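A structural walkthrough
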Amino acid sequence: VRLYKMLPDGRRQIIGFLQAGDMMGLAFAAQYLYTAETVTATTIQRIPRLELDALMDAQPAFARKLLSATTSELMAAQDQMVLLGRKTAAEKVATFLLRLSDRKNGGKGDDRTIDLPMGRSDIADHLGLTIETVSRSMTRLRRAGLVRLDRPDRAALTDNPLVPFGGR
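This text gives an overview of the structure that appears in the document.

Reading the values: the criteria
Residues numbered from 1 in each chain as written. Predicted model: local features only at pLDDT ≥ 70, side-chain atom pairs only at ≥ 80, totals over all residues. Heavy atoms only, no water. Pairing = 2+ DSSP bridges. Helix = DSSP H or I, 4+ residues; strand = E, 2+ residues; numbered from the N terminus. Axes fitted to C-alpha atoms, helices over the stretch in contact; angles between N-to-C directions. Contact = heavy atoms within 4.5 Å. Parallel < 35°, antiparallel > 145°, perpendicular 65-115°, else oblique. Nonpolar A, V, L, I, M, F, W, Y, C, P; charged D, E, K, R; others polar. Core = buried A, V, L, I, M, F, W, Y, C linked by side-chain atoms within 4.5 Å. Buried < 20%, exposed > 50% of the residue type's maximum accessible area, 1.4 Å probe, protein only. Phe/Tyr/Trp six-rings, centres within 6.5 Å; stacked < 30°, edge-to-face > 60°.

Glancing now at the sheet that holds strand β1 (residues 2–6). The 3 strands are arranged β2-β1-β3 in an open sheet whose pairing can be described as antiparallel. Unpaired on one side and paired on the other, β2 (12–17) and β3 (35–37) mark the two borders of the sheet. Geometrically, the sheet is characterised by an average inter-axis angle of 35° between neighbouring strands, direction not taken into account. Here helix α4 (residues 120–127) sits on the sheet in contact with β1 and β2, set at roughly 95° to β2.

As structure tokens, this is what we get:
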């Protein structure tokens, strides 16, 4: 699921990509700030606000898990601000791939293959780049031996560190 906001001039800013098990739509306001759109076949479970409040009251462990998820989302948003503001194009793409790998493996694990169900235009709109710049950056990472691109919708991180591109 991609989360995005349309800017007044018609450009699209992708806020993030959700994966299986992620929560969305936690808002206390009457209106959501972003639009959610599926990228692949998706099943979503809706929990009405009153039911969610009752669940948090009845199960403090669930309330703590929800707080943890919200805190992680805030940290990710802060990290995204640094990514958009201070990293080069290649660093942005490398960081994006590392984040996907970390999310897939829960921060650990040896499987460095990453599914990319989103298109290059989605990645560009998420990183504040053009499609061409994303493609050039992917090629640069591939030529440096940091990424293998077996298919357009799949990448594999190699064992080489991404230090020349700013690391994580």
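Turning next to the packing of helix α1 (residues 49–58) against helix α2 (residues 60–86). Following both chains from N to C, one finds α1 and α2 inclined at 115°, their axes separated by 5 Å at the closest point. For the element pair α1 / α2, the angle class is roughly perpendicular. Counting all contacts with α1, which are made through Leu 52, Leu 55, Met 56, Asp 57 and Ala 58, the residues of α2 involved are Pro 60, Phe 62, Ala 63 and Leu 66. Per-class residue counts for the contact of α1 with α2 are 8 nonpolar, no polar and 1 charged.

Okay, the nonpolar core next. Ranked by internal contacts, the top residues of the largest apolar core, which has 24 residues, are Val 93, Phe 96, Leu 97, Leu 116, Leu 127, Leu 141 and Val 147. For this core, the secondary-structure elements that each account for two or more residues are β2, α3 (89–105), α4, α5 (131–143) and β6 (154–157). Among the elements that take part in this core, α3 stands out by supplying 6 residues, more than any other.

Our focus in this paragraph is the packing of α4 against α5. The geometry of a pair of packed helices is captured by two quantities: the angle between their axes and the separation between those axes. Viewed as axis vectors pointing N to C, α4 and α5 meet at an angle of 100°, and their least axial separation amounts to 8 Å. Viewed along their axes, α4 and α5 adopt a mutual orientation that is roughly perpendicular. Across from Arg 120, Ser 121, Ile 123 and Ala 124 in α4, the residues of α5 making contact are Ile 131, Val 134, Ser 135 and Met 138. Each residue belonging to the contact of α4 with α5 can be placed in one class, and the counts come to 5 nonpolar, 2 polar and 1 charged.

It is worth spelling out the packing of aromatic side chains at this point. Counted by the stated rule, this structure contains 1 aromatic pair. Aromatic side chains Phe 17 and Phe 96 sit 6.0 Å apart centroid to centroid with 65° between the ring planes, which places their arrangement in the edge-to-face category. With a gap of 79 residues between them, Phe 17 in strand β2 and Phe 96 in helix α3 connect regions that are remote in the sequence. When sorted by exposure, Phe 17 lands in the same class as Phe 96, which is buried.

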